[in-house]
Amino acid sequence: MNRTRVLATPAFIILALATTAVVQETPTSPPESAYVGAAACKDCHPKYYDAWSETKHARSITHLSAEDREGGQCMPCHATGTPQQIAAESANPTLPGIQCEACHGPGRAHSEAATAGAPKPGDIVKTPPEKACTRCHNQNSPHFRPFFYVALSPLVHKVK
Ligand code: HEC
Ligand code: HEC
Ligand code: HEC
Ligand code: HEC
């Protein structure tokens with residue numbers, strides 16, 4: 001079969017569509033990034049993941065217009081990753097919204113250690129402190145509301 005015929009077969013088309021769907025459902029960072037994305041935490045921390053996924057943090061990117069995603073004004077507080085990664089990815093962040101690692105810090109080291117069966121205390125931030133929140137919850141936010149860490153921090157993923 002020549003190349004054109006292969007590309008036109010139903011099997012190829014289904015495979016191509018399936019691959020696209022998987023990529024969109026579980027976005028993960030490039031392998032060199034210290035950030036792995038919330039999807040990588042899901043299997044081991046399902047209750048935290050499910051609680052977080054119901055929050056506005058998880059959906060924050062959907063509240064920005066296409067225009068607001070451009071230009072680097074808004075994304076530093078509405079996407080996850082290093083400032084350099086977020087700036088480079090502009091309107092199409094690999095890790096959209098406020099994911100686990102926006103508060104807990106980069107999670108590759110912890111995820112790899114835990115996958116190998118040997119997570120160590122200190123390889124990920126256990127309790128993100130107030131300043132982990134106020135880097136976004138501050139008056140540079142065009143929608144700033146007063147922020148109360150003690151009252152709000154238990155709400156970020158309420159696990160029963
Ligand atoms: C392969 C399973 C696995 C993956 C993947 C994983 N974790 Fe964990 N995580 C664990 C285990 C097991 C512990 C308990 C470790 C302990 O008690 O020392 C833990 C502990 C933690 C803690 C508490 C740390 C502490 O010092 O007590 C946090 C916070 C955390 N994980 C967040 C995350 C985040 C965020 C991700 C994704 C970036 C993630 N984990 C990925 C298994 C995993
Ligand atoms: C990377 C930026 C960023 C960080 C870090 C961050 N937030 Fe937020 N937070 C946001 C944005 C953006 C929204 C608004 C989301 C929306 O409505 O689109 C928000 C909304 C909230 C809300 C309202 C959510 C709801 O579902 O009603 C609470 C509560 C909150 N943040 C608490 C915290 C706490 C506590 C921390 C730290 C432990 C924190 N945030 C860290 C950016 C951040
Ligand atoms: C907006 C910031 C924020 C986000 C996003 C966030 N967390 Fe947390 N996380 C916290 C804070 C603050 C605490 C400590 C207070 C608490 O337990 O609610 C915490 C506590 C935890 C703990 C318990 C650590 C311990 O043993 O005391 C785990 C595990 C955890 N988070 C995992 C996750 C995972 C997995 C995600 C993503 C699916 C996530 N977090 C998203 C802020 C955040
Ligand atoms: C300094 C960090 C920061 C920047 C920059 C930022 N935001 Fe936000 N944004 C937040 C936080 C935090 C919230 C949650 C409300 C609050 O407490 O400020 C939020 C909330 C929102 C909301 C939800 C509406 C609401 O009232 O909660 C929208 C929409 C939004 N931001 C759009 C934007 C747009 C558009 C830009 C760029 C022009 C932008 N943000 C820039 C941090 C930021």
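1. Digging into the coordination of the iron atom of ligand 3
Part 1 of the argument: Protein coordination at the iron atom of ligand 3 comes from H104 (NE2) and H157 (NE2), with a distance range of 2.0 Å.
Part 2 of the argument: For H157, a relative accessible area of 23% corresponds to the partly exposed category.

2. Section: the site of ligand 4
Part 1 of the argument: Taken together, 16 residues are adjacent to ligand 4, and C74, C77, H78, S141 and R145 come closest.
Part 2 of the argument: Between ligand 4 and H143, the relevant distance is 3.2 Å, taken from a nitrogen atom to a side-chain nitrogen or oxygen of the residue.
Part 3 of the argument: Here an oxygen atom of ligand 4 sits 2.8 Å away from a polar atom, N or O, in the side chain of R145.
Part 4 of the argument: Within the shell around ligand 4, the residues separate by chemical class into six nonpolar, eight polar and two charged.

3. Some details on the site of ligand 3
Part 1 of the argument: Near ligand 3 there are 17 residues, and of these H57, C100, C103, H104 and H157 occur at the shortest range.
Part 2 of the argument: Interatomic distance of 2.8 Å between a side-chain N/O atom of H157 and a nitrogen atom of ligand 3.
Part 3 of the argument: Sorting the residues of the shell around ligand 3 by element identifies α4 (46–53) and α8 (100–104) as the ones contributing at least two each.
Part 4 of the argument: Partitioned by chemical class, the residues of the shell around ligand 3 number nine nonpolar, seven polar and one charged.

4. Things to note about the environment of V150
Part 1 of the argument: By the secondary structure assignment, V150 is in helix α11 (residues 149–152).
Part 2 of the argument: The exposed category is assigned to V150, whose relative accessible area is 72%.
Part 3 of the argument: Each C-alpha atom of the pair V150 and E130 lies 8.5 Å from the other, and the pair is 20 residues apart in sequence.

5. Section: a nonpolar patch on the surface
Part 1 of the argument: Taken together, F148, L152 and L155 make up a surface patch of nonpolar side chains, about 290 Å² in accessible area.
Part 2 of the argument: Relative to the elements of secondary structure, L152 occurs in helix α11.

6. A few points about helix α9 (residues 108–115)
Part 1 of the argument: Every buried residue belonging to α9 is among H110, S111 and A113, and all of these are buried. Each buried residue of α9 lies within a common arc of 165° when the element is viewed along its axis, so the set occupies one face. Across from the buried face of α9, at angles greater than 90 degrees, the exposed residues are A109 and T115.
Part 2 of the argument: In the segment just after α9, G117 is the residue with positive phi, at about 85°.

Rules used in this analysis
Residues numbered from 1 in each chain as written. Chains lettered and ligands numbered in written order. Predicted model: local features only at pLDDT ≥ 70, side-chain atom pairs only at ≥ 80, totals over all residues. Heavy atoms only, no water. Donors = N, O, S within 2.8 Å, 3.2 Å for Na, K, Ca; no water. Buried < 20%, exposed > 50% of the residue type's maximum accessible area, 1.4 Å probe, protein only. Near = heavy atom within 4 Å. Polar contact = N/O pair within 3.5 Å; in protein donor to acceptor, adjacent residues only side chain to side chain. Nonpolar A, V, L, I, M, F, W, Y, C, P; charged D, E, K, R; others polar. Helix = DSSP H or I, 4+ residues; strand = E, 2+ residues; numbered from the N terminus. Patch = residues over 30% accessible without salt bridge, like charges linked within 9 Å, V, L, I, M, F, W, Y side chains within 5 Å. Areas by Shrake-Rupley, 256 points an atom, 1.4 Å probe, with all protein chains shown as cover. Salt bridge = Lys/Arg side-chain N within 4 Å of Asp/Glu carboxyl O. Arc of directions from axis to C-beta.

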